[in-house]
Amino acid sequence: MKGMIVMDQRSAVYTADDFNTDAHVSPAAALERLKTGNRIYVEALDHVRDLSPARILDLFERGQRPFATVITCADSRVVPEHIFMAGLGEIFVIRVAGNVAGPIETASALYACEHLHTRLLLVLGHTHCGAIKAALEGEAGPMAPITGQISAAIGAETDPYQASVLNAEATARRLREESALHQLETAGALEIRTAIYHTHCGVVDFL
Ligand SMILES: [Zn+2]
């Protein structure tokens, strides 16, 4: 049964130690973990992770130790913990429509990278994004503060996928404009990366 195979794969990939994540994992290790999680997610029939009272208590007592920070869209179909098969305390998630980065999002990212020591900061855009569609169609409406940023990022691009790539890259650039994040990256203590989630099939393209 397909589901059982997936479960077997998952238990082979994740060990008990994975629930005891150390935030200081290298950017490469964090990226590999996200890639592995997404490969499992694409085939998985369900997302079973440790949400037990013991895990909740452990995170409360010992604090959170997320291995990566992800900035992504608020779209209800784009859920990083599911997409990467992560559990409680594993990913520091910042969500805002259009995965843009203003002062609030940047400050949140800085908190995660400086104080929680996540060494991978992933900007995760996605296909069929309503905010990007609104920007492409010049429909600002209530999303004007967001679509304005997206329009500046995508310029004359008309292809929705390329627009999502350009928008994610622009968010990564804006994050690098925060000098503390830039310094962390220059010092090799942080990698800022971009990726696109395919809303129709669940696959993440790491750019
Ligand atoms: Zn979106």
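Remember, predicted model here, so these are calculated numbers, not experimental data.

> Can you break down the confidence of the model for the protein chain residue by residue, with the values?
When pLDDT is averaged along the protein chain, the result is 88, and 89% of the positions lie at 70 or above. Across residues 1-21, confidence stays below pLDDT 50; counting only partners more than four residues off in sequence or on other chains, it has 32 contacts.

> Let's hear about the pattern of salt bridges: which residues, and what values?
Under the definition given, this model contains 10 salt bridges. The partner of Glu-32 in a salt bridge is Arg-39, and the shortest N-O contact between them spans 3.6 Å. For Glu-32, a relative accessible area of 39% corresponds to the partly exposed category. On the basis of relative accessible area, Arg-39 is assigned to the exposed category, the value being 51%. Across the pair Asp-58 and Arg-62 runs a salt bridge, and its minimum N-O distance is 3.4 Å.

> Go over the pairing of strand E4 (residues 191-197), please, and point to the residues and values.
Across the seven residues of E4, five count as buried, placing the element largely inside the fold. Here strand E3 (residues 120-126) pairs with E4 via seven bridges, running parallel. Across the sheet, the residue bridging to Leu-122 is Arg-193, located in E4. Both E4 and strand E5 (residues 204-206) contribute to a ladder of three bridges, which runs antiparallel. Counterpart to Ala-195 in the pairing with E5 is Phe-206. Count of turn residues in the E4/E5 antiparallel hairpin: six residues, of which Gly-202 carries a positive phi of about 90°.

> Describe the pairing of E3, and please don't skip the residues or the numbers.
Each regular strand shows side chains that alternate between the opposite faces of the sheet. With seven of seven residues buried, E3 is to be regarded as a mostly interior element. Along E3, one buried face is formed by Leu-120, Leu-122, Leu-124 and His-126 and the opposite face, lined by Leu-121, Val-123 and Gly-125, is buried too. The sheet contact formed by strand E1 (residues 68-72) and E3 spans four bridges and is parallel. By the bridge assignment, Val-70 is partnered in E3 with Leu-122.

Scoring rules and cut-offs
- Residues numbered from 1 in each chain as written.
- Predicted model: local features only at pLDDT ≥ 70, side-chain atom pairs only at ≥ 80, totals over all residues.
- Heavy atoms only, no water.
- pLDDT = per-residue confidence, 0-100.
- Contact = heavy atoms within 4.5 Å.
- Salt bridge = Lys/Arg side-chain N within 4 Å of Asp/Glu carboxyl O.
- Buried < 20%, exposed > 50% of the residue type's maximum accessible area, 1.4 Å probe, protein only.
- Helix = DSSP H or I, 4+ residues; strand = E, 2+ residues; numbered from the N terminus.
- Pairing = 2+ DSSP bridges.

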